[in-house]
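# Topology and contacts: notes
Read off the chains here:
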Amino acid sequence: MRKMDVVEPVKLSLGSKFKFRCHKGIKCFTRCCSNIDILLTPYDVVRLKNRLGLSSEEFLEKYTYMKVDEPSSHLYAMLKMNEDAGRPCPFVTPDGCTIYTDRPANCRYYPIGQGTLKRENKDGVFDEEFYFFIREPHCYGYHEKKQWTVESWRQDQNVDQYDSINKEWKTIQLRRNLLGQPPLDEKKQMQFYMASYDSDRFRRFIFESNFLNVFDLDEETIEKIRTDEVELIKFGAKYIKYVMMLEETLKVKEKVLKEKEKKGK
Ligand code: SF4
Ligand code: SF4
């Protein structure tokens, strides 16, 4: 996240044009990789932990800190900058980003920022994506001649893949814009955090607790979330929607409902 005074107050679309080039010879090379707050997405954590050969717990412990977002009360994982002078990113060196091919979505977007608005028309509520320029005085990339549209920049940076995997999770982020939503209690914050970021723990929670006795999941889904981390984090977004009572994304088994009913009598 960047300071608001560097955000250009113009709403861009996928077709908006700009000139920009970032390369090793530029005089500001790596200046954007210090003293920043980078909010991580679920897929960022999967890519980074695998790149570094760590479990999700190890990665989160070593490279992130928790931040409660106001006013949504969501608990997010932020990339932890080094404590050295200037707070450099732990992955930056004079030669550039050491995890470049697995860098987080926010680093891929830069110098474009992305937001989503809830809109309403006669067909109902829909999400509208928009973009904006981040113009930091230290960034000379805007003085270069290479032409882009927001769309071609996104493709070049492979950010489409990230957005597609994080799609359902990002709709939960929008909850912060909904008025009248109650804050999450501590238990729900931790459920949000685990299902968003701590994929190894989340997998254990599903397969080593009473979870599969309570929720009705078909065999194909169970197999997918057991063997595929991307499917697991996508399922995590559904789980978050369920626990936050945003959508009935999971179904409780009939027998569990009946038992509950009996106990209630
Ligand atoms: S992850 Fe890489 S690109 Fe992103 S801030 Fe760190 S060094 Fe820069
Ligand atoms: S400050 Fe801008 S041009 Fe310089 S390295 Fe960062 S993104 Fe590239």
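Since the model is a prediction, treat every value here as computed from it, not as a measurement.

### Observations regarding the overall build of the protein chain
Helix and strand counts for the protein chain stand at 12 helices and 8 strands. Relative to its length of 265 residues, the protein chain is compact, with a C-alpha radius of gyration of 20 Å against a globular reference of 18 Å. Within the protein chain, buried positions represent 24% of all 265 residues. Contacts spanning at least 24 positions in sequence make up 72% of the contacts within the protein chain whose residues lie at least 6 apart.

### Remarks on the domain arrangement of the protein chain
Per the domain assignment, the segments of the protein chain are domain 1 (4-175) and domain 2 (180-264). One C-alpha centre belongs to domain 1, the other to domain 2; they are set 28 Å apart. Listed as interface residues are 19 residues of domain 1 and, on the opposing side, 22 residues of domain 2. If one sorts the elements of the side of domain 1 that touches domain 2 by residue count, helix H1 (residues 42-52) sits on top with 4 residues. In terms of residue class, the side of domain 1 that touches domain 2 is built from 12 nonpolar, 4 polar and 3 charged.

### A closer look at the packing of helix H8 (residues 199-207) against helix H11 (residues 229-243)
At their nearest, the axes of H8 and H11 sit 10 Å apart, and the two run at 75° to each other. Viewed along their axes, H8 and H11 adopt a mutual orientation that is roughly perpendicular. On H11, the residues that touch Ser199, Phe202 and Arg203 of H8 are Glu229, Leu232, Ile233 and Gly236. Its residues assigned to classes, the contact of H8 with H11 shows 3 nonpolar, 2 polar and 2 charged.

### Comments concerning the site of ligand 2
Taken together, 13 residues form the shell around ligand 2, and within it Cys22, Cys28, Cys32, Cys139 and Gly141 come nearest. In the shell around ligand 2, the residues fall into 9 nonpolar, 3 polar and 1 charged.

### Here's the deal with the site of ligand 1
Every residue close to ligand 1 is listed here: Cys33, Cys89, Phe91, Val92, Cys97, Ile99, Arg103, Pro104 and Cys107. Its residues placed into classes, the shell around ligand 1 shows 8 nonpolar, no polar and 1 charged.

### Section: the pairing of strand S2 (residues 64-68)
Note: S2 against strand S3 (residues 75-79), 5 bridges, orientation antiparallel. Pairing of Lys67 across the sheet is with Tyr76, part of S3. With antiparallel pairing between neighbouring strands as the criterion, S2 and S3 make up a hairpin whose turn holds 6 residues, including Ser73 at a positive phi of roughly 70°.

### Structural notes on H8
Along H8, the residues classified as buried are Ser199, Phe202 and Ile206. Buried positions in H8, seen along its axis, are confined to an arc of 60° and lie on one side of it. In the core, the buried residues of H8 are packed alongside H1, helix H2 (56-63), helix H7 (186-197), helix H9 (211-214), helix H10 (219-227) and H11.

### Some words on the nonpolar core
Core analysis: the largest hydrophobic core is formed by 41 residues, its most contacted members being Leu40, Val45, Ala77, Ala195 and Ile240. With 6 residues, H11 is the single largest residue contributor to this core. Looking at this core, you find at least three residues from each of domain 1 (4-175) and domain 2 (180-264). Here Ala195 is in contact with Phe202, Gly236, Tyr239 and Ile240, once residues within four sequence places are set aside.

### Examining the environment of Lys241
For Lys241, the position within the fold is in helix H11. Between the C-alpha atoms of Lys241 and Ile172, which are 69 residues apart in sequence, the distance is 7.2 Å.

### Quick look at the environment of Thr93
Mapped onto the secondary structure, Thr93 falls in strand S4 (residues 92-93). A tally of 11 C-beta atoms within 10 Å means that Thr93 is categorised as exposed. Residues Thr93 and Asn82, 11 residues apart in the sequence, show an inter-C-alpha distance of 12 Å.

Parameters at a glance
- Residues numbered from 1 in each chain as written.
- Chains lettered and ligands numbered in written order.
- Predicted model: local features only at pLDDT ≥ 70, side-chain atom pairs only at ≥ 80, totals over all residues.
- Helix = DSSP H or I, 4+ residues; strand = E, 2+ residues; numbered from the N terminus.
- Rg over C-alpha atoms; globule rule 2.2 N^0.38 Å.
- Buried ≥ 20, exposed ≤ 12 C-beta atoms within 10 Å, placed from the backbone.
- Contact = placed C-beta atoms within 7 Å.
- Domains from an automatic or database assignment.
- Nonpolar A, V, L, I, M, F, W, Y, C, P; charged D, E, K, R; others polar.
- Axes fitted to C-alpha atoms, helices over the stretch in contact; angles between N-to-C directions.
- Parallel < 35°, antiparallel > 145°, perpendicular 65-115°, else oblique.
- Near = placed C-beta within 6 Å.
- Pairing = 2+ DSSP bridges.
- Arc of directions from axis to C-beta.
- Core = buried A, V, L, I, M, F, W, Y, C linked by C-beta atoms within 7 Å.

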